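Chains, contacts and geometry: an overview
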Number of protein chains: 2
Amino acid sequence: MDRVPVLKLGDILIVSIQIDLQDQSVLALQEDLANKVVETGARGVIIDITAVEIVDSFIGRMLATIAAISRMLDAETVVVGMRPAVAITLVELGLSLGGVRTALNLEKGVALLNHIDGSEIATATR
Amino acid sequence: MDRVPVLKLGDILIVSIQIDLQDQSVLALQEDLANKVVETGARGVIIDITAVEIVDSFIGRMLATIAAISRMLDAETVVVGMRPAVAITLVELGLSLGGVRTALNLEKGVALLNHIDGSEIATATR
């Protein structure tokens with residue numbers, strides 16, 4: 001169970017990070033996400049980090065890399081569910097998560113992506 | 001990181017199971033889900049088991065229990081993302097997942113819940 005599942009809902013891919021990511025699982029996630037963005041033509045990627053208690057520079061870099069890869073593939077990335085303590089730590093560490101948008105929760109992330117695209121996300125099956 | 005996050009999207013709660021669940025984390029998940037259903041008035045619960053490679057009687061019972069609790073609270077449960085091998089194992093073990101609806105993936109699960117309720121799931125923030 002060390003592959004993080006990538007869920008698809010309409011034009012959005014949703015990833016919920018719950019495991020302690022190691023080098024290999026991060027690479028696998030980046031690859032899975034990139035493949036799925038291309039395969040599905042997704043316009044947005046939402047990464048939920050509700051379960052992540054500690055964001056260090058490794059996780060921060062991973063989020064920034066995923067956002068950069070997605071952007072190359074014409075998809076916007078939003079990180080949602082950040083805990084207050086994580087936000088404090090990130091600022092204290094001087095990590096800015098460059099290029100990564102954040103939203104409070106999944107719903108606000110979806111709303112943000114809708115706003116970015118100026119159209120509604122279809123939840124219906126395609 | 002042993003608490004499974006419960007995401008909310010419109011009237012639906014989404015849970016993606018990625019960790020090996022133990023007795024305690026299953027109890028925590030059931031409690032979190034029940035609280036969140038009441039708190040948000042959610043009409044549907046989608047449990048994604050894409051990452052689950054082995055479904056034994058313990059996991060099967062957990063899914064059935066979550067479905068029963070949700071039903072008590074007037075929410076329908078759909079299990080999505082079951083691997084073919086898992087389906088085969090379940091049948092071989094004679095586990096029927098009584099009372100649990102299944103759908104192929106998240107999108108089809110959302111569509112199923114929409115159909116159950118006869119109305120559209122709002123993805124917009126509330």
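For the structure given in this document, a descriptive report is provided here. Please read all numbers here as calculations on a predicted model, not as lab measurements.

**Brief notes about the overall build of chain A**
Helix and strand content of chain A: four helices and five strands. Along chain A, helices and strands appear, N-terminal first, in the series β-β-α-β-α-β-α-β-α. Here the C-alpha atoms of chain A give a radius of gyration of 14 Å, agreeing with the 14 Å that 2.2 N^0.38 yields for 126 residues. With the C-alpha coordinates of chain A rotated into their principal frame, the extents come out at 40 × 30 × 25 Å. Partitioning the intrachain contacts of chain A with sequence separation of at least 6 by distance along the chain shows that 74% fall at a separation of at least 24. Within the structure as shown, chain A displays about 6,000 Å² of accessible surface, and the carbon and sulfur contribution to it stands at 53%.

**Considering the pairing of strand β2 (residues 12-16) of chain B**
Along a regular strand, successive side chains alternate from one face of the sheet to the other. Residue and element names in this part refer to chain B. Across the five residues of β2, five count as buried, placing the element largely inside the fold. Both strand β1 (residues 6-9) and β2 contribute to a ladder of four bridges, which runs antiparallel. Considered in β2, the bridge of leucine 9 is made with isoleucine 12. In terms of strand pairing, β2 meets strand β3 (residues 44-48) through five bridges, oriented parallel. Bridge pairing in β3 links leucine 13 to valine 45. Note on the crossover from β2 through helix α1 (residues 23-40) to β3: the handedness is right-handed.

**Details of the nonpolar core**
Most often, soluble globular proteins have nonpolar side chains that are buried together. A:Leu29, A:Met62, B:Leu29 and B:Met62 are the most contacted members of the largest nonpolar core, which totals 56 residues. Among the nonpolar cores identified, the runner-up in size contains 22 residues, and A:Leu113, B:Leu7, B:Leu9 and B:Ala103 belong to it.

**Description of the sheet that holds β2(B)**
All names here are of chain B. Strand order in the open sheet formed by five strands is β1-β2-β3-β4-β5, with mixed pairing between adjacent strands. Lying at the two open borders of the sheet, with one neighbouring strand each, are β1 and β5 (101-103). Neighbour to neighbour, the strand axes of the sheet diverge by 30 degrees on average, direction disregarded. Of the strand pairs in this sheet, strand β4 (residues 76-80) and β5 are connected by three bridges, and their pairing is parallel. Bridging across to β5, valine 80 finds its partner in alanine 103.

Calculation rules
- Residues numbered from 1 in each chain as written.
- Chains lettered and ligands numbered in written order.
- Predicted model: local features only at pLDDT ≥ 70, side-chain atom pairs only at ≥ 80, totals over all residues.
- Heavy atoms only, no water.
- Helix = DSSP H or I, 4+ residues; strand = E, 2+ residues; numbered from the N terminus.
- Rg over C-alpha atoms; globule rule 2.2 N^0.38 Å.
- Contact = heavy atoms within 4.5 Å.
- Areas by Shrake-Rupley, 256 points an atom, 1.4 Å probe, with all protein chains shown as cover.
- Buried < 20%, exposed > 50% of the residue type's maximum accessible area, 1.4 Å probe, protein only.
- Pairing = 2+ DSSP bridges.
- Right-handed = clockwise from strand over helix to strand, strands pointing away.
- Core = buried A, V, L, I, M, F, W, Y, C linked by side-chain atoms within 4.5 Å.
- Axes fitted to C-alpha atoms, helices over the stretch in contact; angles between N-to-C directions.

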